[in-house]
Amino acid sequence: MATFLYKAGRLAFRRRHFVALIWVALLTLAGVGAASAPPAGSTSFSIPGTEAQKAFDLLEQRFPGMSADGATARVVFKAPSGEKVTDHDNKAAVEKTVKELRSGSEVVSVADPYAGHAVSRNGTIAYASVKYKVSGMELKDSSKDALKEAAQHARDAGLSVEVGGDALTATPETGSSEVIGIGIAAVVLVITFGSLLAAGFPLLTAIIGVGIGVSTITALASALDLGSTTSTLASMIGLAVGIDYALFIVSRYRAELAEGREREDAAGRAVGTAGSAVVFAGLTVVIALVGLSVVNIPMLTKMGIAAAGTVAIAVLIALTMIPALLGYAGRRVKPAGQKSKLLSGGRTPKKPGRPNMGTRWASFVVRRPVAVLLLGVLGLGAAAVPAASLELGLPDDGSQPTSTTQRRAYDLLSEGFGPGFNGPLMVVVDAKDSAHPKKAFSEVGDEIKGLKDVVTVTPAVPNKAGDTATITVVPRSKPSSKTTEDLVHAIRDKGAGITAKTDSKVLVTGTTAMNIDVSQRLNDALLPYLALVVGLAFLLLIVVFRSVLVPLKAALGFLLSVMAALGAVVAVFQWGWLSGLMNVEQTGPVMSMMPIFMVGVVFGLAMDYEVFLVTRMREAFVHGEKPNQAVVTGFKYGARVVTAAAVIMIAVFSGFIGSSEAMVKMIGFGLAIAVFFDAFIVRMAIVPAVLALLGKRAWWLPKWLDRALPNVDVEGEGLRTEPAAAGKDADPDEERELVRA
């Protein structure tokens, strides 16, 4: 591995024009494809095999014009203070608005509030339900504009009007904080390298890599039914790992220069050693992301594969374009320990004999391993305590900011009709095999009326064939509550008895039931997914480190950091701690896909730091150093760059906390705090403490397994026999041409 990458790095250094041209061409091609592609479709929460999905599929067959997965809107009207919506003028304004809504080309139906008894008991609030042919993300702008205009006309008539539902679904905005995150990354890189040019390389390659990845996702969005969130998360992860991977290679290149190597040889050795770590770190991230497909939720599978593709691009661009850019830079990238004239201010570099911060910290840890280990474990354990109160759900309009019309419509409906009105359940009765379908429909309605937490049960609405009917059930509790979830299960339990008596099937669906089924599917898949990802990565790390205990320690450390991160997410988004600082206007259940997504992404990122830091230790141990000294050496060369990488990744993820999308905001915070816990507590404190306690046993591997495993040579042992780069440094004529350009 190291020898192959060494040769690839030298080739990219020499053929830098060709390498740069390829990546620019790929970026241009992806950009053209994205610009000419149709917009992204809807993000589907379909979950094959669940009851809610089976009911949706059945509705499509038995009610062909119903558009079960079409967008919906609820236009909510509130009369002025002291008036009612049933007053003559107010009623005329509402009816005019309903007539206006029906004129849309994509509208299937509009329910009149007065004909459908959609007026609150006190007569102050009413709503009109609008059904569309297509989903919210596929809805034309003209239809959305018509909906907004109709609402505005009713406002002009003196009514308070808000619009809820998914018809006004908009692409999430990340805000200016994402740019601030990239700015922080740039500052950290400049401080780390002491050079504006060297600091710019990781940013440039990461932006190009993310540009190619996100543009490709955008180009394929319509064909593959990729939602807007897919590209947002791919850019989040791709940008973070892209900067980190390039950072490690540039840092190793400067270290090789400091040892007196020629520039081409230094580039080859940097790619051969740090590049080997990049390959395996990238593989762990890709495994974790692609492994999300085992959950069997199409949306999550697409998100994982798209993000994995962006990570793969980040690996390839770091291995090829970084050495090409180093070739262009020539002598303007200084050896480690030296700063550019602009940033050094004419000061002389520090004495080489003085130990750096990483060396001093590692020396302290190996002297006090038990105290450091206990403090780290207890601290993460305390942070993980809130995770015991974890409640899962999916966001609805009730989690939107109060500044949005969707949230105000949600609150008006809760005020006029009760909180459960925002999450009605649709019960589908399949009586095709029943001898008395009408009787079956009636029995189902009667059984549901007798259940707790039920406010309203509408009469059954049969299809034309009379063999299938829908019944709408309004719960007493809000959609995301545990009580509503219990009601869904209670109806399904009743349905089993009804099936035995009437030969009809009872299915519960609707957005609320679908969200409950998604959460259940994610909960059921968490342990199998964890076993798959950790198991595959464990085998991969055995190959990398040629040890059993080091990968085991890495996996256990990851579990500590991810549990602590989940505890922090619960404290902020469920309990409301620091919610004002994070701009969390509505606390509630944690998004159901958060635990499994964090497990996947955080595991991959955690293994990044494990590979980068511990391979340096392994390299020192293999080259003859004692175990404790190898730990100190690993920190001497790796701590500064790992710290910089972690700060950069935290800054990038934190940038997404400013998103208007609750899901993106939560994931940004969760990943940022997880990286903080894993990099600075697990990898920087617990890992060296455990290695110091284990000593030589940390690198133990059974002889039979040692013979069976392939030798990937991540430490670059094979490079010790490679001849130094023939020839001179980068061609002076080429450098002069670059300066003139």
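**Let's talk about the overall build of the protein chain**
Looking only at helices and strands, one finds 23 helices and 11 strands in the protein chain. Taken across its 741 residues, the protein chain has 55% of its residues classed as buried. Residue pairs in contact within the protein chain that sit at least 24 positions apart in sequence constitute 81% of those at least 6 positions apart. Total accessible area on the protein chain stands at roughly 31500 Å², and carbon and sulfur atoms take up 60% of it.

**Considering the sheet that holds strand 3 (residues 125–132)**
Read from one edge of the open sheet, 4 strands run 2-3-1-4, paired in antiparallel fashion. Among the strands making up the open sheet, the edge pair consists of strand 2 (107–110) and strand 4 (160–165). Strand-to-strand, the axes of this sheet are offset by a mean angle of 20 degrees, without reference to chain direction. Where strand 2 and strand 3 come together, 3 bridges link them in antiparallel fashion. Counted as the bridge partner of Ser 109 is Lys 131 from strand 3. The strands touched by helix 5 (residues 141–156) are strand 1 (72–78), strand 3 and strand 4; relative to strand 4, the strand with the most contacts, the crossing angle is about 155 degrees.

**Details of the side chain of Ser 519**
Turning to its location among the elements, Ser 519 is positioned in helix 17 (residues 511–545). When residues no more than four places from it in sequence are discounted, the contact partners of Ser 519 are Leu 392, Gly 393 and Ser 592.

**Some remarks on a nonpolar patch on the surface**
Taken together, the side chains of Val 294, Leu 532, Leu 536 and Leu 539 present a nonpolar region at the surface, about 320 Å² in accessible area. Judged by its relative accessible area of 42%, Val 294 is partly exposed.

**Some words on the packing of aromatic side chains**
The tally for this structure, following the rule as stated, stands at 9 aromatic pairs. Ring geometry for Phe 621 against Trp 699: centres 5.7 Å apart, planes inclined by 25 degrees, an arrangement best described as stacked. One end of the pair, Phe 621, is in helix 19 (residues 594–622); the other, Trp 699, is in the loop between helix 21 (662–694) and helix 22 (703–708), and 78 residues separate them in sequence. Linked through ring pairs, Tyr 127, Phe 417 and Phe 421 together constitute an aromatic cluster. Against the face of Tyr 127 rests Arg 74, its NZ or CZ located 5.2 Å from the ring centre. The ring of Tyr 114 has Lys 91 sitting right over it, with the charged end atom 5.1 Å from the ring centre.

**Considerations on the packing of helix 19 against helix 21**
Contact pair helix 19 / helix 21: the axes reach a minimum separation of 9 Å and the direction vectors enclose 35 degrees. Helix-helix and strand crossings are classified by hand; for helix 19 and helix 21 the assignment is right-handed. Class assignment for the residues of the contact of helix 19 with helix 21 results in 20 nonpolar, 1 polar and 3 charged.

**Regarding helix 13 (residues 369–384)**
Because the α-helix completes a turn every 3.6 residues, residues three or four places apart line up on one side. In this model, helix 13 (16 residues) spans 22 Å end to end at C-alpha, consistent with the 22 Å of a helix rising 1.5 Å per residue. Buried residues of helix 13: Pro 369, Val 372, Gly 376, Leu 380 and Ala 384, and no others. The buried residues of helix 13 occupy an angular sector of 95 degrees when projected down its axis, which confines them to one face. With respect to the buried face of helix 13, the exposed residues turned more than 90 degrees away are Leu 374, Leu 375 and Leu 378. In this structure, the buried side of helix 13 is in contact with helix 12 (357–367), helix 18 (549–574) and helix 21.

**Concerning the pairing of strand 6 (residues 425–430)**
Where burial is concerned, most of strand 6 is hidden: 5 out of the 6 residues are buried. Taken together, the 5 bridges between strand 6 and strand 10 (residues 505–509) define a ladder with antiparallel strand orientation. Within strand 10, the residue paired with Val 427 across the bridge is Val 508.

**Some thoughts on the confidence of the model for the protein chain**
Overall, the prediction assigns the protein chain a mean pLDDT of 82, with 89% of residues at 70 or greater. Averaged pLDDT values for the elements of the protein chain fall to 41 in helix 23 (residues 732–740) and rise to 94 in helix 13. Every residue in residues 724–741 scores below 50 in pLDDT, and together they form 24 contacts with partners more than four places removed in sequence or on other chains.

**What about the pattern of salt bridges?**
Side chains that differ in charge, positive against negative, can pair when their charged atoms come close. Tallied over the full model, the rule gives 19 salt bridges. One salt bridge in this structure joins Lys 553 and Glu 610, with 2.4 Å as the shortest N-O distance. Taken as a pair, Lys 553 in helix 18 and Glu 610 in helix 19 lie far apart in primary sequence, 57 residues in all. One connected set of salt bridges, linked through shared partners, spans Arg 252, Glu 256, Glu 259 and Arg 261.

**With respect to unusual backbone geometry**
Backbone geometry follows two general trends: most residues other than glycine have a negative phi, and most peptide bonds adopt the trans configuration. Look at Asn 296: it is not a glycine, yet its phi comes out positive at around 65 degrees. As for its position among the elements, Asn 296 is in the loop between helix 9 (263–290) and helix 10 (298–329). For Arg 546, which is not glycine, the phi dihedral falls at a positive 50 degrees.

**Quick look at the packing of helix 3 (residues 51–62) against helix 17**
Packed helices, taken two at a time, are described by their axes: the angle between them and the distance between them. Relative to each other, helix 3 and helix 17 sit at 140 degrees, their axes nearing to 8 Å. When the axis of helix 3 is compared with that of helix 17, the two are oblique. Contacts between helix 3 and helix 17 involve Glu 51, Ala 52, Gln 53 and Phe 56 from the first element and Ala 513, Met 514 and Asp 517 from the second. For the contact of helix 3 with helix 17, the per-class residue count stands at 4 nonpolar, 1 polar and 2 charged.

Analysis parameters
Residues numbered from 1 in each chain as written. Predicted model: local features only at pLDDT ≥ 70, side-chain atom pairs only at ≥ 80, totals over all residues. Heavy atoms only, no water. Helix = DSSP H or I, 4+ residues; strand = E, 2+ residues; numbered from the N terminus. Buried < 20%, exposed > 50% of the residue type's maximum accessible area, 1.4 Å probe, protein only. Contact = heavy atoms within 4.5 Å. Areas by Shrake-Rupley, 256 points an atom, 1.4 Å probe, with all protein chains shown as cover. Pairing = 2+ DSSP bridges. Axes fitted to C-alpha atoms, helices over the stretch in contact; angles between N-to-C directions. Patch = residues over 30% accessible without salt bridge, like charges linked within 9 Å, V, L, I, M, F, W, Y side chains within 5 Å. Salt bridge = Lys/Arg side-chain N within 4 Å of Asp/Glu carboxyl O. Phe/Tyr/Trp six-rings, centres within 6.5 Å; stacked < 30°, edge-to-face > 60°. Lys NZ or Arg CZ within 6 Å of the ring centre and 35° of its normal. Left-handed = near helix turned anticlockwise from the far one by under 90°. Nonpolar A, V, L, I, M, F, W, Y, C, P; charged D, E, K, R; others polar. Expected span 1.5 Å × (residues − 1). Arc of directions from axis to C-beta. pLDDT = per-residue confidence, 0-100. Parallel < 35°, antiparallel > 145°, perpendicular 65-115°, else oblique.

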